[in-house]
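Listed below, chain by chain, are the residues.
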Amino acid sequence: MHIKECIVSAPGKAILHGEHAVVHGKMALAVSLNLRTYLQLQATFTSKVCINLPNINAFLSWDVTVLNQLVPDSEADLRNMDELDIELVRRLRDFVGIPNGALDTRSMAILAFLYIYISIFAGSGELPSLTVSVWSELPTGAGLGSSSAYSVCLAAALLSASGTIPSPLSDQENTARWGVAEMELINRFAFQGERIIHGNPSGVDNAVGTWGGILRYHSGKITPLSRVPMLRILLTNTKVPRSTKVLVAGVKDKMNKFPSIINPVLDSVDAISCTCEQTLSEMTSDSPTPEHYDILEELIDINQHHLNVMGVGHPALDNLCRVTLARGLHSKLTGAGGGGCAITLLRPGFYPLASLTVRFLFISAIFLW
Ligand SMILES: Nc1ncnc2c1ncn2[C@@H]1O[C@H](COP(=O)(O)OP(=O)(O)O)[C@@H](O)[C@H]1O
Ligand SMILES: C[C@@](O)(CCOP(=O)(O)O)CC(=O)O
Ligand SMILES: [Mg+2]
């Protein structure tokens, strides 16, 4: 079958407030980063499907004829985008030799790729031979949504290659964005990738990876925030590895064990996200004042304590919060926690690289929005 070649990219994200709580129906505020994942899809005549994932040192190929045997007889389960086709996931695990419960980087990336590839091409009669290469500016497994950027790229490139969504490029253009209908479809397939990698994702990460910008996410409802003040955020990577899937499952266990203790914490995180959104909107209508920054800083501190209560903190994150607080700066983890990255709010006029010595930490990026 003829497939269309393409190069696509999707951004990572930082969650300002609402990580973990958003998995349980609370509100989150998230923003895209200027760190992206890129994917090149090439058509081949080798009767093979090849995937090159240099960031995680995985380079694999399979015969198309063998993959064809994995395509479900009925597409009904694949078309139900409300959940994964568990039987297909089981067959893919057996085929690649991934034990149930394996959480390693390669296994998750390969399963997500094969699942999205088969879901998208299952209805076309035969699976195409192609090579997919993915590379990223994002650290893998550090809370910046590398899994969602990866899933969004896979969904966009494979939907485009299959002709399910048209290329947005006109003759004179080198780059372009898809329209709303195409983005919604990309987001739904990317969510399937996130289900494989996260287990029980909220959908906030793939929403930001698909739509970009700054948005509010609440139970699947995506609301872009149109007017936001310019804030400066320092992003620090503790370089402590962790798995989102394990951390999300840990919070669920705590909720089951202590519902009357953890549920109010999640409600409080929801209120923090709402208060933050309200404060940001006041900062755009009036000029930002020191009092606005006082509120934003206090919200950061309270949320960081809540995340520790949920059990997703780490001594390296505590250390980061202590080191920055000693310089009058307020920090919280971002993403799933357990290590990974933290955000630190910088007040106007504060220049961190000149005055802040972060001895034990690696500063990975500073970004603006
Ligand atoms: N560039 C990439 N190449 C291959 N797999 C990737 C890439 N980026 C992310 N992944 C997949 O996403 C997983 C990390 O997802 P996760 O634990 O949610 O962390 P985060 O999304 O915070 O980076 C990796 O284990 C891997 O399976
Ligand atoms: C913890 C969570 O709220 C965000 C996870 O982000 P990341 O995979 O750590 O980048 C999970 C989710 O919303 O699906
Ligand atoms: Mg992730």
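Scroll up to find the structure this text is about.
Structure report, in brief. (Residues numbered from 1 in each chain as written. Chains lettered and ligands numbered in written order. Predicted model: local features only at pLDDT ≥ 70, side-chain atom pairs only at ≥ 80, totals over all residues. Heavy atoms only, no water.)

**Topic: the overall build of the protein chain**
Okay, step 1: Within the protein chain, the regular secondary structure consists of twelve helices and eleven strands.
Okay, step 2: In terms of overall dimensions, the protein chain is globule-like: its C-alpha atoms have a radius of gyration of 21 Å, near the 21 Å expected for 369 residues.
Okay, step 3: Taken over the C-alpha atoms alone, the protein chain extends approximately 60 × 55 × 35 Å along its principal axes.
Okay, step 4: When burial is assessed residue by residue, the protein chain has 54% of its 369 residues classed as buried.
Okay, step 5: Pairs at least 24 residues apart make up 73% of the contacts formed inside the protein chain by residues separated by at least 6 positions.
Okay, step 6: Put simply, the protein chain has 28 plus and 32 minus side-chain charges, and the middle of one group is 5 Å from the middle of the other. (Helix = DSSP H or I, 4+ residues; strand = E, 2+ residues; numbered from the N terminus. Rg over C-alpha atoms; globule rule 2.2 N^0.38 Å. Buried < 20%, exposed > 50% of the residue type's maximum accessible area, 1.4 Å probe, protein only. Contact = heavy atoms within 4.5 Å. Lys, Arg positive; Asp, Glu negative; His and termini not counted. Charge placed at Lys NZ, Arg CZ, Asp CG, Glu CD.)

**So, helix H8 (residues 244–257)**
Okay, step 1: The terminal C-alpha atoms of H8, which comprises 14 residues, lie 20 Å apart, in line with the 20 Å expected from a rise of 1.5 Å per residue.
Okay, step 2: Turning to H8, its buried residues are Thr244, Lys245, Leu247, Val248, Val251 and Met255.
Okay, step 3: Looking at the buried residues of H8, the elements they touch are helix H3 (86–96), helix H4 (105–121), helix H6 (180–198) and helix H9 (259–285). (Expected span 1.5 Å × (residues − 1).)

**A short note on the pattern of salt bridges**
Okay, step 1: Scanning the model with the defined rule gives ten salt bridges in all.
Okay, step 2: When the shortest N-O distance is used, the salt bridge between glutamate 87 and arginine 91 registers 3.7 Å. Of the two residues, glutamate 87 and arginine 91 are both situated in helix H3; the distance of four residues between them amounts to about one turn of the helix.
Okay, step 3: In this structure glutamate 87 comes out as partly exposed when scored by relative accessible area, which is 37%.
Okay, step 4: A relative accessible area of 23% means that arginine 91 is categorised as partly exposed.
Okay, step 5: A salt bridge links arginine 216 to glutamate 277, with the shortest nitrogen-to-oxygen separation between them at 2.8 Å. (Salt bridge = Lys/Arg side-chain N within 4 Å of Asp/Glu carboxyl O.)

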